[in-house]
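Structural overview for review
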Amino acid sequence: MIGRPDIVITIRPEHPNDFDALRDFVRTAFATAARSDGDESAFVDRLRASEAYIPELALIAEADGRMLGHVVLTRIFIERDTDGPIPALMLAPLSVLAEERKRGIGGELVREVVARAEALGHRVVVLVGSPAYYGRFGFVPASNFGLVNTNG
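Quick look at the structure, then. (Residues numbered from 1 in each chain as written. Predicted model: local features only at pLDDT ≥ 70, side-chain atom pairs only at ≥ 80, totals over all residues. Heavy atoms only, no water.)

Here we look at the nonpolar core
Here is the rule: Definition used in this section: a nonpolar core is a set of buried Ala, Val, Leu, Ile, Met, Phe, Trp, Tyr and Cys residues joined via side-chain atoms within 4.5 Å. The rule is simple: take the accessible area with a 1.4 Å probe, protein chains only, and divide by the maximum for that residue type; under 20% is buried, over 50% is exposed, in between is partly exposed. Secondary structure is summarised from DSSP: a helix means a run of H or I of at least four residues, a strand means a run of E of at least two, and numbering begins at the N terminus for each. Contacts are assigned to residue pairs with any non-hydrogen atoms lying within 4.5 Å of each other.
Counting 22 residues, the largest nonpolar core has L91 and V113 as its most contacted members. Per element, the largest residue contribution to this core is 6 residues, and it comes from helix α3 (residues 105-119). If we skip the residues at most four places from it in the chain, V113 touches L57, L59, V71, L73 and L91. The next biggest cluster of nonpolar side chains, apart from the first, holds 9 residues, and it includes F25, V26, V44 and I60.

A word on the side chain of E62
Inclusion rule: Under this definition, polar contacts are N or O atom pairs within 3.5 Å; protein pairs additionally need one hydrogen-donor-capable and one acceptor-capable atom, and for neighbouring residues in sequence, both atoms have to be side-chain atoms.
Relative to the assigned elements, E62 resides in strand β2 (residues 53-63). When its relative accessible area of 15% is taken as the criterion, E62 is described as buried. Reaching out from E62, the side chain makes a polar contact with the side chain of R12 at a distance of 2.9 Å.

Digging into the sheet that holds β2
The strands that make up a sheet are held in pairs by hydrogen bonds between backbone atoms, and each pair lies either parallel or antiparallel. Keep this limit in mind: The rule for pairing is simple: two strands pair if DSSP sees at least two bridges between them. In this description, a line fitted to the C-alpha atoms serves as the axis of each element, helices being fitted only across the stretch in contact, and the angle between N-to-C directions of two axes falls anywhere from 0 to 180 degrees.
Strand order in the open sheet formed by 5 strands is β1-β2-β3-β4-β5, with mixed pairing between adjacent strands. Lying at the two open borders of the sheet, with one neighbouring strand each, are β1 (10-13) and β5 (125-126). Contacts between helix α2 (residues 40-49) and the sheet are confined to β2, β3 (66-78) and β4 (86-96), with β4 contributing the most and set at about 145 degrees to the helix.

Here we look at the pairing of β3
In this structure, β2 lies alongside β3, joined through 7 bridges in antiparallel fashion. Residue pairing across strands places I60 opposite H70, the latter belonging to β3. Adjacent in sequence and paired antiparallel, β2 and β3 are bridged by 2 residues, among which D64 carries a positive phi angle near 50 degrees. Looking at chain direction, β3 and β4 are connected through 9 bridges and run antiparallel. Looking across to β4, one finds that V71 is bridged to L94.

So, in structure tokens, the structure goes:
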């Protein structure tokens, strides 16, 4: 039970028949988010249409058929001056309905998607987000490794 003793929440991979509902879900979830550029829903569509998309690492949290949260990990490469790029995954976006926030759903999605990535052999996950929030899951500033975000 993910912070909700009144309901059973399950986490499962997204499926093509979820895509239309997910488009609306992500838009709704980010409408009340502290940080949003209004493009998150289209961003998810672009990720899904790219070679970076890994269907097993796009997860939905739901209860009684109702979506409560969603997360996506996609392939990226960390560029270096020597020894070639490092394969990695990018965690973005993480979406939780406003009325379901602060109940552990986002955290459970992060833990589950990272565990599934590790089981598939992935070793590096990066994201842009709150150090206070993501630090509790073991994420540390990329600058600790001499990395900087050159994409804005």
